[in-house]
Amino acid sequence: MDLFKKLQSNLAIPPLEKSSGLFVVDSDVGVSILAAHFYKENSENLLLVTSNLYKSQRLYNLITAFVPAKEVLLFPSDELIRAETLSQSKEMTAQRIFALSKILKKEARIVIANLSSASRYLPKPPLFSDKILRLKVGQTVDISSLKNHLAKIGYQRVSKIDQSLEFAARGDIIDIFSVNFDSPIRIEFFGDEIDSIRFFDIATQSSISKLDSVEILPSSDIVLSDEDYKNSIEKLYSSLERDRNKIDQSTFEDLRISIENVVDKLSECNFDETLYKYYSLLNSDVGSIFDYCEDYKTIFVDKDGIDEANRLLQNESTSFLGELFECGKALSNLQMYNSLVDLVNFRSKNVIYTSQFVDRDYSFILSIQPVYFVSSKKEDAINIVMNYVNQNMKVVLCLNKEEHIRLIQQELDSYNVKYERVNGLSISDKFDVSISLFDLPSGFSIKDLNVVYISGNEIFSEKTRTSRLDNRFKEATILKSFEDLEPGDYVVHEYQGIGQFVGLETIETDGIHSDYLKISYWGNENLYVPLNQFQLVRKYLGKEGMVPRLSHLHSSDWENTKRKVKERINNLAERLMQLYIQRSKVKGYSFQKDD
């Protein structure tokens, strides 16, 4: 019998429509099975909210072992406020936009959000939908208006598309790379009429396939209505004037310059993450992910952890914005996040919240424990299997390679242990041991059902897939061909650093003519890269209009730069670790019983 049918027949989990209140679930794998069970009931959609990004990613990996990945969406946002406002994650932005579009199309059954993304200000669904560009062959479109619209929904204009969230225009041709497609779109006009729409390959620039119509998603979740965009500059200057008497003249002058920079960005339709702190001020009707998932059943995973994370998030954002105002880098009285208290009625019948501890009234308990062992040899695995069998438990071995199944079958045969091959998470009715070709991230046991699932990770240290984000955006372009480069392009050599591509030169060596990429460095030094090594070269991608500093050849500058970046990453990781340690030490709050 399948695991989820067994859970249903044993009434281990109540029906979703009757579920609300506190569920005591003692592990992440338990939450994932709970969510997968509700999914298989085929009733309501689910929104899972976690206390941090790591837990969201872990639940995504676990749930997609039980549910088709196309039905599950991760809605992520960075938790380090200072890092997020200084350097936005294009990958997370792309994933959020993709998720919002799927939710609007009702193509997402399960959405997983960490606290900062669940609390993040968003455009309301009608506004986001209105900003989606819908084009079809034969449609009459003013090319200039189309370019302006693309800029207003966050697309960066470039001379040639290298990655998603960009557009390029050349005469009657507009190229756009929207995050809902794996390839960019080329739109050709005949006058003001769309003559053709095609997918094309970035490397070869050749067409892949034709389309009759296309939807282009916004490239940012910081979008404004036409009315709010028209009033945005006036709102900024009015708020600036109100702050005049709150700070000294010198700081006010710094603030004025900062606001003028914001105004310049708005005028240029440059909606980057640095504008996010002003979003609730400029958008007269902000929303959240709960507006998109209005009819979803919401599960707050580890409610106590979420409450504490919410308190820290609100305190950190308030402190950060206060510091920015005091040094003239932001207006006063800004807000960066919704408060969960204002967004959710935790007593609603449409809300479930989980806890790992039984310290208050609860609706039901689901005890699913992770399997905590890694065998060093196959004999150890057999002994562990037999130990569970001797405890009258059914054992299901989930391995993702046929060769590993053959090895474990040989061991079981040598010990005269009877087993049955099953599909998925099914449990044999004939024998105590089942073997399945199934990619299970980690093992777990359910004592109420007397069953334990052991994954290949515990027996063979198998590496399962780790789907963190849709890689719809890459910060640097890996060159598929040297023809992708044009003279004057800035490039990054893996070992020599940043240089400027000069051109292709043929050099004779020992009577053999070979082609080389000529790259110029600081002090007019040149590097010649053989074409068979062009994979060492990436196109440099930085902020538009900014010229990078060229590296020195035969110096330690580049290695020092990479070392400093690694140190900054390590420092960031250390700060994140300390933050999680601080959160883990905070005691939960024991609520009073309901009247």
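This text gives an overview of the structure that appears in the document. (Residues numbered from 1 in each chain as written. Predicted model: local features only at pLDDT ≥ 70, side-chain atom pairs only at ≥ 80, totals over all residues. Heavy atoms only, no water.)

## So, the packing of helix α9 (residues 226-242) against helix α10 (residues 249-267)
Then, number 1: Close contact between α9 and α10 brings their axes to 10 Å; oriented N to C, the two are set at 180°. Here α9 lies roughly antiparallel to α10, going by the angle between them. Between α9 and α10, the residues in contact are Tyr-229, Ser-232, Ile-233, Leu-236, Tyr-237 and Leu-240 and Phe-252, Leu-255, Arg-256, Ile-259, Glu-260, Val-262, Val-263, Leu-266 and Ser-267, respectively.
Then, number 2: Residue composition of the contact of α9 with α10, by class: 11 nonpolar, 2 polar and 2 charged. (Axes fitted to C-alpha atoms, helices over the stretch in contact; angles between N-to-C directions. Helix = DSSP H or I, 4+ residues; strand = E, 2+ residues; numbered from the N terminus. Parallel < 35°, antiparallel > 145°, perpendicular 65-115°, else oblique. Contact = heavy atoms within 4.5 Å. Nonpolar A, V, L, I, M, F, W, Y, C, P; charged D, E, K, R; others polar.)

## A few points about the sheet that holds strand β19 (residues 394-399)
Then, number 1: Pairing in this open sheet of 6 strands is mixed, and the strands run β18-β22-β23-β19-β21-β20 from one edge to the other. With partners counted over all chains shown, the strands left at the sheet margins are β18 (369-370) and β20 (419-422), one partner each.
Then, number 2: Direction of pairing for β18 relative to strand β22 (residues 444-446): antiparallel, over a ladder of 2 bridges. Bridge pairing links Pro-370 to Phe-444 in β22. (Pairing = 2+ DSSP bridges.)

## Some points on unusual backbone geometry
Then, number 1: Phi is positive for Asp-302, which is not a glycine, with a value near 65°.
Then, number 2: Along the chain, Asp-302 turns up in the loop between β15 (297-300) and α13 (303-326).
Then, number 3: Residue classification places Asp-302 among the partly exposed residues on the basis of a relative accessible area of 22%.
Then, number 4: With a phi close to 60°, Asn-392 is a non-glycine residue in the positive phi region.
Then, number 5: Relative to the helices and strands, Asn-392 resides in the loop between α15 (378-390) and β19.
Then, number 6: Of the residues examined, Asn-392 reaches a relative accessible area of 65% and is grouped as exposed. (Buried < 20%, exposed > 50% of the residue type's maximum accessible area, 1.4 Å probe, protein only.)

## Side note on the pairing of strand β3 (residues 72-75)
Then, number 1: The two faces of β3 match: Val-72 and Leu-74 on one face and Leu-73 and Phe-75 on the other face are all buried.
Then, number 2: Sheet analysis places β3 next to strand β4 (residues 110-114), joined by 4 bridges and oriented parallel. Of the residues in β4, the one forming a bridge with Leu-74 is Ile-112.

## Overview of the packing of aromatic side chains
Then, number 1: Scanning the entire structure with this criterion turns up 7 aromatic pairs.
Then, number 2: Measuring from centroid to centroid gives 6.0 Å for Phe-4 and Phe-66, while their planes differ by 70°, and the two rings are edge-to-face. Of the two residues, Phe-4 is situated in helix α1 (residues 3-9) and Phe-66 in helix α3 (residues 53-66); the sequence distance between them amounts to 62 residues.
Then, number 3: Accessibility expressed as a relative area gives 7% for Phe-66, which makes it buried.
Then, number 4: Here the aromatic rings of Phe-128 and Tyr-292 are separated by 6.3 Å at their centres, their planes lie at 80°, and the arrangement is edge-to-face. Of the two residues, Phe-128 is situated in helix α7 (residues 125-130) and Tyr-292 in helix α12 (residues 289-292); the sequence distance between them amounts to 164 residues. (Phe/Tyr/Trp six-rings, centres within 6.5 Å; stacked < 30°, edge-to-face > 60°.)

## Remarks on the pairing of strand β16 (residues 351-355)
Then, number 1: With 5 of 5 residues buried, β16 is to be regarded as a mostly interior element.
Then, number 2: Residue alternation in β16 divides its side chains into two sets, Val-351, Tyr-353 and Ser-355 and Ile-352 and Thr-354, and both sets are buried.
Then, number 3: Two elements, β15 and β16, share 3 bridges in a ladder whose sense is parallel. Considered in β16, the bridge of Phe-300 is made with Tyr-353.

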